[in-house]
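Spelled out from the first residue to the last, the chains are:
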Amino acid sequence: MKFIKNIFDKNKPLFEKGGKFEKFMPFFESFETLFFVPNEVTSSKGVQIRDAVDLKRMMMTVIIAMIPCLIFGIWNVGYQHGLATGEVMSFGQQIWTGLIVVLPIIIVSYASGLTVEFIFGIKKGHALNEGFLVSGMLIPLVVPPTIPLWQVALATIFAVLIGKEVFGGTGMNILNVALTARAFLYFAYPSEISGEVWTYLGDKTPIDGYTGGTSLAIANEASVAGENVIGALANSNTVISSEFFSFSNLFFGFIPGSIGETSALMALLGAILLIATGVGSWKIIVSVFGGAYFTALLFQAIGVNEYMLMPAHYHLVIGGLAFGAVFMATDPVTATQTEKGKWIYGILIGVLTIIIRVFNPAYPEGIMLAILLMNVFAPLIDFYVVKANKQRRLQRATV
Amino acid sequence: MSHTIKLKKGFDINLAGKADKKIATCDQPETFALKPTDFLGIERPKLMVEVGDTVKAGTPLLYCKMMEEVKYCAPVSGEIVEIKRGEKRKLLEIRILADKEIVYEKFKNYSVSDLVKIDKNEVIDLLLQSGVWPNIIQRPYGIVANPEETPKSIFISTFDTHPLAPDYDFTLSGEEHNFQAGIDILRKLTNGKIHLGLNGNGEVSSVFSHTKNVELHSISGKHPAGNVGVHIHHIDPISKGDLVWTVDPYGVVQIGKLFLEGKYDASKTIALAGSEVSTPEYYKTYTGACVNKMVERNVKGRNVRFVSGNVLTGEKIKSDGYLGFYHHQLTVIPEGDHSEFMGWILPTTKKLSFHKAFGLLSYLNGKNKEYIIDTNTKGERRTFVQTGVFEQVTPMDILPTYLVKAIMAEDYDEMEALGIYEMIEEDIALCEFVDVSKHELQKILREGLDLLKNS
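Residues numbered from 1 in each chain as written. Chains lettered and ligands numbered in written order. Predicted model: local features only at pLDDT ≥ 70, side-chain atom pairs only at ≥ 80, totals over all residues. Heavy atoms only, no water.

To continue, consider the overall build of chain B. A tally of regular secondary structure across chain B gives 12 helices and 21 strands. Its C-alpha atoms give chain B a radius of gyration of 22 Å, near enough to 23 Å, the size a compact globule of 455 residues would have. Overall size of chain B, expressed as C-alpha extent along the three principal axes, is 65 × 50 × 45 Å. Taking all 455 residues of chain B together, the buried fraction comes to 61%. Considering only residue pairs separated by 6 or more positions, chain B has 69% of its internal contacts joining residues 24 or more positions apart. A distance of 3 Å separates the average location of the 55 positive side-chain charges in chain B from that of its 63 negative side-chain charges. (Helix = DSSP H or I, 4+ residues; strand = E, 2+ residues; numbered from the N terminus. Rg over C-alpha atoms; globule rule 2.2 N^0.38 Å. Buried < 20%, exposed > 50% of the residue type's maximum accessible area, 1.4 Å probe, protein only. Contact = heavy atoms within 4.5 Å. Lys, Arg positive; Asp, Glu negative; His and termini not counted. Charge placed at Lys NZ, Arg CZ, Asp CG, Glu CD.)

This is how it looks when you write it as structure tokens:
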């Protein structure tokens, strides 16, 4: 500890005003504060003591909540690889294969995003904002394992620049940064993010009869063709197992998909941590699930197309709904900021997700677009909640 | 019969070093000071004395050119020894070397039965020239009240829920008749009611519970349940154009004493508290006391901070500094100017937090655990990210996040609409404490209030 402190203290003058690397002070500060909480004290007037919380710890909590999804995702990449190629793999081999695929994506995501953050930090003279630590981990979890690394870099840079920095940086952005990256890929490189991209094959060929589509794509295709959705899921990949897309496999996440979002269970583990620590809004998480479930129930009762007839609880486990509800919708900057607004915001995300899934043949995944859309509407919802507060004050005055 | 208000929101900061309910024996300090900066209303102070003048307790020392009737008087008798000025000759302190035996300016005194008969103008005149008037605070803005105005009601909170706050039941015991006399005088200043907020969390002493001619309200809950601003919000809220006055219980007693005894008696019992005090106890002294005698040989650590007032709204002073006019406590806490290795992530139960983010485990301790908290900011300034936290510690129908943003944007209409008139520093102090992004919310709020006041 003392040793590290000495290194920082020794080099600090280089970065201070008048020093050789004066301009890089934000860079230096970001690293120093990663090791040591600064020796700053409260001002002479105002609060003399402060709560032990800070933004670093808050953001770290979110990252810790993502660890189950990450570890499961790494393993699942290897596991799916084994299933698709018919290769018999040990647990260790599955993890190893997953690491080889996922680690580079994580490194590229952090490296490209942090570079942009540091450039802006140095330009504006402020230390690195911790927000990107979360975004940088979210991006690898929502892309397919076969994504080209240069696309990860491009999408991350686009998201940080256009999604965040042009609005003024962390805390000012309108759209969720990780979802902006995902949407960028989705619209800029549609062929690399749909179809048979969800399973990492490496240089091997898949076994006969294997289809690499996600549950969402299969459901979508079946519905368009007028077939029973559950039946279509059950008939997929029977060459591997007749249970391949069973409800429990969907729930546990033993299916192809984006790296970190296949398992509803792991997302729920994250949700438990976020809710227990109060870092993620339980109102948003609950209302997204609730909104989606009841919309699906309602659609089931109406039942115009085959997709609508799919049992409502399936909607909660296919695609990225669980992951999105827990980690994307709860982003405090882009969500609604009033407590009542959080309910409305969450419910509408759930409702929209199901609507997009069921009625829109072009975009099989609804949660991404639903959250981005509600990000845009969040200020409007808050506007009306705040207006009601103002109204109560005005009415009181006239009495 | 009292009305009951139960507050659910809030947060108690349970600090180590509570003052024992004993009066310590200690020599009176040699010097006392009046600090014009304590009074938010004073913008252009005008001195009425010079170095070398002798004054009595109650002799006017200065007034403000904006409101010349209000006199700010010497708390003790003695000789003016120093007039301390800061940058741009800003008046900071008027120091008085106190006499061994306090000599008082003589004012007219009344019997209890006479109190009913005095008319309003006579009351105001006496309050103004004797130096007790600055006890009366006007909301909105939290400034010294303007004697030409009439408030719609007057609020008195008889308990203080700030960390380590003095217990008024103890410091004012035996002052029942003065308190009642003060109430009877204040009644002449408003056409509305006088609202007395009683502590709903425990036993209320007879000093307050038997008060007549007031509306009694029992208010329970965590801090800020004792804040008068919270009482106003729930009982008779301030809308645009409304005026409410507030007085703390000590001020009421002082007003009562003035009329019954004919003197400006600035003696007060203060609490010396905090984790760095060897024997935290109460002290009998006078307004504006120099703290050196009290803290001499009574402080544990070397690197400590002396705070006039409480740790949420107080002000840092030196070890030979002076207590603020409105302060009834001196808090001594450790200075936090050290860096902590990995302090931002290591799990801990020792650091108090309202939050439960990863590793912040203080909520497991239960509410009786006492904390030692230093002055470290425990993190760096960031933009607003987390939401919904301020609302959890503000037991009012106010959205502090939106209010603060409106102030930062200097949006006058929005500030008004969001209820800035209902708040002063102490009402937002807890938000400042729990803020993840470490903003100075009290300072921001005051900037907003100043904008509106001067508009």
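Quick look at the sheet that holds strand 7 (residues 67–73) of chain B now. Residue and element names in this part refer to chain B. Read across the open sheet, the 3 strands follow the order 4-6-7; overall the sheet is antiparallel. One side of each edge strand has no neighbouring strand; the edge strands of this open sheet are strand 4 (45–47) and strand 7. The sheet shows a mean angle of 30 degrees between the axes of neighbouring strands, direction not considered. Sheet topology places strand 6 (residues 60–64) next to strand 7; 4 bridges connect them, and they run antiparallel. Paired with Tyr63 across the strands is Lys71, a residue of strand 7. (Pairing = 2+ DSSP bridges. Axes fitted to C-alpha atoms, helices over the stretch in contact; angles between N-to-C directions.)

Let us look at the interface of chain A and chain B. Taken together, the contact between chain A and chain B spans 59 residues of the former and 75 residues of the latter. Of the roughly 6,000 Å² buried where chain A meets chain B, counting both sides, 56% is carbon and sulfur surface. In terms of surface lost to chain B, no three residues of chain A exceed Ile49, Arg50 and Arg57 of chain A, which account for 15% of the buried area on that side. Here chain A and chain B share 6 salt bridges between them. Between Glu422 of chain B and Arg393 of chain A there is a salt bridge whose closest N-O contact spans 3.2 Å. At the junction of chain A with chain B, the criterion picks out 47 residue pairs in polar contact (both at pLDDT 80 or more). When the residues that make up the side of chain A that touches chain B are grouped by side-chain class, the tally is 26 nonpolar, 17 polar and 16 charged. Two elements, strand 1 (residues 36–37) of chain A and strand 21 (residues 340–341) of chain B, share 2 bridges in a ladder whose sense is antiparallel. (Buried area = accessible area lost by both parts, 1.4 Å probe. Salt bridge = Lys/Arg side-chain N within 4 Å of Asp/Glu carboxyl O. Polar contact = N/O pair within 3.5 Å; in protein donor to acceptor, adjacent residues only side chain to side chain. Nonpolar A, V, L, I, M, F, W, Y, C, P; charged D, E, K, R; others polar.)

Now for the packing of helix 3 (residues 55–85) of chain A against helix 5 (residues 131–141) of chain A. Residues and elements named next belong to chain A. Two elements in contact, helix 3 and helix 5, have axes whose closest approach is 9 Å; the angle formed by their N-to-C orientations is 15 degrees. The angle between helix 3 and helix 5 falls in the class roughly parallel. Considering how the two elements wind past one another, helix 3 and helix 5 form a crossing that is left-handed. Contacts between helix 3 and helix 5 pair Met59, Val62, Ile63, Met66, Cys69 and Leu70 from the former with Gly131, Leu133, Val134, Met137, Leu138 and Leu141 from the latter. Here the contact of helix 3 with helix 5 is built from residues that sort into 11 nonpolar, 1 polar and no charged. (Parallel < 35°, antiparallel > 145°, perpendicular 65-115°, else oblique. Left-handed = near helix turned anticlockwise from the far one by under 90°.)

You can read the domains of chain A as domain 1 (2–35), domain 2 (58–192) and domain 3 (215–255 + 263–386). In this structure, domain 1 of chain A and domain 3 of chain A have C-alpha centres spaced 46 Å apart. (Domains from an automatic or database assignment.)

In this section: the nonpolar core. With 110 residues, the main nonpolar core has Met66, Phe327, Tyr345 and Ile349 of chain A as its most contacted residues. Considering every element that reaches this core, the biggest residue donor is helix 3 of chain A, with 14 residues. When we break this core down by domain, the ones giving at least three residues each are domain 2 (58–192) and domain 3 (215–255 + 263–386) of chain A. Dropping the residues within four chain positions of it, Tyr345 of chain A is found in contact with Ile284, Ala329, Thr334, Ala335, Thr336, Ile371, Met374, Asn375, Ala378 and Ile381 of chain A. Counting 81 residues, the second largest nonpolar core, distinct from the first, contains Leu186, Leu272, Tyr286 and Phe306 of chain B. (Core = buried A, V, L, I, M, F, W, Y, C linked by side-chain atoms within 4.5 Å.)

Our focus in this paragraph is the packing of aromatic side chains. Counted according to the given criterion, the structure contains 39 aromatic pairs over all chains. Measuring from centroid to centroid gives 6.2 Å for Tyr110 of chain A and Phe132 of chain A, while their planes differ by 85 degrees, and the two rings are edge-to-face. On the criterion of sequence distance, the pair formed by Tyr110 of chain A in helix 4 (residues 91–124) and Phe132 of chain A in helix 5 is long-range, its members being 22 residues apart. Accessibility assignment for this pair places Tyr110 of chain A and Phe132 of chain A in one class, buried. Consider the rings of Trp282 of chain A and Trp343 of chain A, whose centres lie 5.4 Å apart with planes at 85 degrees: the pair is edge-to-face. Of this pair, Trp282 of chain A sits in helix 12 (residues 282–302) while Trp343 of chain A is found in helix 15 (residues 339–359), placing the two residues 61 residues apart along the sequence. Given the relative accessible area of 32%, Trp343 of chain A is considered partly exposed. By the ring-pair criterion, three or more aromatic residues cluster together here, those being Phe8, Phe15, Phe21, Phe28, Phe35 and Phe36 of chain A together with Phe341 of chain B. A cation over an aromatic ring shows up here: Lys71 of chain B above the ring of Tyr63 of chain B, its NZ or CZ 5.5 Å from the ring centre. (Phe/Tyr/Trp six-rings, centres within 6.5 Å; stacked < 30°, edge-to-face > 60°. Lys NZ or Arg CZ within 6 Å of the ring centre and 35° of its normal.)

So, about the environment of Ser353 of chain B. Tracing the backbone through its elements, the reader meets Ser353 of chain B in the loop between strand 21 and helix 8 (389–392). Note: C-alpha distance between Ser353 of chain B and Cys290 of chain B (63 residues apart in sequence) is 33 Å. Leaving out residues up to four positions away in the same chain, Ser353 of chain B has contacts with Asp51, Ala52 and Val53 of chain A together with Phe11, Leu360 and Ser362 of chain B. Looking at Ser353 of chain B, its side chain comes within polar contact range of the main-chain nitrogen of His355 of chain B, at 2.9 Å.

Strand residues, when the strand is regular, have side chains that alternate between the two faces of the sheet. Residues and elements named next belong to chain B. The element strand 9 (residues 91–98) is extensively covered by neighbouring structure, given that 6 of its 8 residues are classed as buried. Of the strand pairs in this sheet, strand 3 (residues 31–34) and strand 9 are connected by 4 bridges, and their pairing is antiparallel. Paired with Leu34 across the two strands is Ile94, which belongs to strand 9. Taken together, the 7 bridges between strand 8 (residues 78–85) and strand 9 define a ladder with antiparallel strand orientation. Within the sheet, the bridge partner assigned to Glu79 lies in strand 9 and is Leu97. Counted along the chain from strand 8 to the antiparallel partner strand 9, the turn is 5 residues long, and its residue Lys88 has a positive phi close to 55 degrees.

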